[in-house]
Amino acid sequence: MIFDTHTHLNDKQFDQDREEVIRRAREEYGVSWMLNVGFNRETIQSSIELAEKYDFIYSAVGWHPTDAITYQEEDLGYLRELAAHPKVIALGEMGLDYHWDTSPKEVQAHVFKEQIRLAREVQLPIIIHDRDAHEDVIRILRSEHAEEVGGVLHCFGGDEAIMEAALEMNFYIGLGGPVTFKNAKLPKEIARLVPEDRLLLETDCPYLAPHPYRGKRNETGYVRLVAEQIAEIRGISVEEIAEITTANAMRLFRVSV
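Quick summary incoming for the structure in this document. None of the values given here were measured: they were computed from a predicted structure.

Thresholds, definitions, all that
- Residues numbered from 1 in each chain as written.
- Predicted model: local features only at pLDDT ≥ 70, side-chain atom pairs only at ≥ 80, totals over all residues.
- Heavy atoms only, no water.
- Helix = DSSP H or I, 4+ residues; strand = E, 2+ residues; numbered from the N terminus.
- Rg over C-alpha atoms; globule rule 2.2 N^0.38 Å.
- Contact = heavy atoms within 4.5 Å.
- Areas by Shrake-Rupley, 256 points an atom, 1.4 Å probe, with all protein chains shown as cover.
- Lys, Arg positive; Asp, Glu negative; His and termini not counted.
- Charge placed at Lys NZ, Arg CZ, Asp CG, Glu CD.
- Pairing = 2+ DSSP bridges.
- Axes fitted to C-alpha atoms, helices over the stretch in contact; angles between N-to-C directions.
- Disulfide = S-S within 2.5 Å.

The helix and strand inventory of the protein chain stands at nine helices and eight strands. Computed over its C-alpha atoms, the radius of gyration of the protein chain comes to 17 Å, within 12% of the 18 Å expected for a compact globule of 257 residues. Based on the C-alpha atoms only, the size of the protein chain along its principal axes is roughly 45 × 40 × 35 Å. For the protein chain, restricting intrachain contacts to residue pairs at least 6 apart in sequence, the fraction spanning at least 24 positions comes to 71%. With an accessible surface of roughly 11100 Å², the protein chain has 48% of that area assigned to carbon and sulfur atoms. Looking at charge distribution, the protein chain has the averaged site of its 28 positive side-chain charges lying 3 Å from that of its 45 negative ones.

Taken in spatial order, the eight strands of this open sheet run S1-S2-S3-S4-S5-S6-S7-S8, and their pairing is parallel. Here the strands that pair on one side only, and so sit at the sheet edges, are strand S1 (2–7) and strand S8 (199–201). Between one strand and the next, the sheet's axes are offset by a mean angle of 30°, whatever the strand orientation. In this sheet, strand S2 (residues 31–38) lies alongside S1 in parallel orientation, the contact comprising four bridges. Each residue of the ladder has a partner; that of Asp4, found in S2, is Met34.

In a disulfide, the sulfur atoms of two cysteines are held together by a covalent bond. Within the structure shown, the criterion is met by zero disulfides. No disulfide involves Cys155; its nearest neighbouring cysteine sulfur is the one of Cys205, lying 12 Å away.

Read these as spatial facts, not as claims about activity.
The following block contains the structure:
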């Protein structure tokens, strides 16, 4: 009974075997629910379509910081409209990315702030993308009062201080494939420290495949490998990690089954 809280199953890498990947996740790995994330016009539409096709797949809609340069003011109305869709349970992914030089920092910040304000308006939690921008992400979350809706820092890459700042603002910590990498000391330390009631599991598939599939296409079923690693780090069973993180996801995204 695992909830993969961050997938991109609508990615073109799954065009040849999407149904099989989903079946495998459910039947072989025990993934019961999936949150598929759209992050620009193209992927938002296909994410909605995927969520409408499968009752156990939900959708998040937002503008990724690397795509911020494509954002138009009318897109805010588009997101507002989709926020009312019964299968949309979060806004995002949104945030800042200082690694890829595709959108100016000031444009990223503007698009990020607009989406936080919308989330507060429609009362949906937010999914945060943060790459090499920890301090600025925290600063904007604080200035825009993101604690009113909370959310998750997905594929968390910060240190303990950043984690504590996020927790203070009602955010959860999403951990995926990197926690399984042999030399990933910081993700493993975060997996040990994050409070039980703020931990979420994710894959970010088709990206960031866990060991032993690192460098290959990731699948939502591989979230079980993440669960196994975190269970080992915390000294509890995989079943307990699955139960804890699924309950957390249900609570954050207000999903009832």
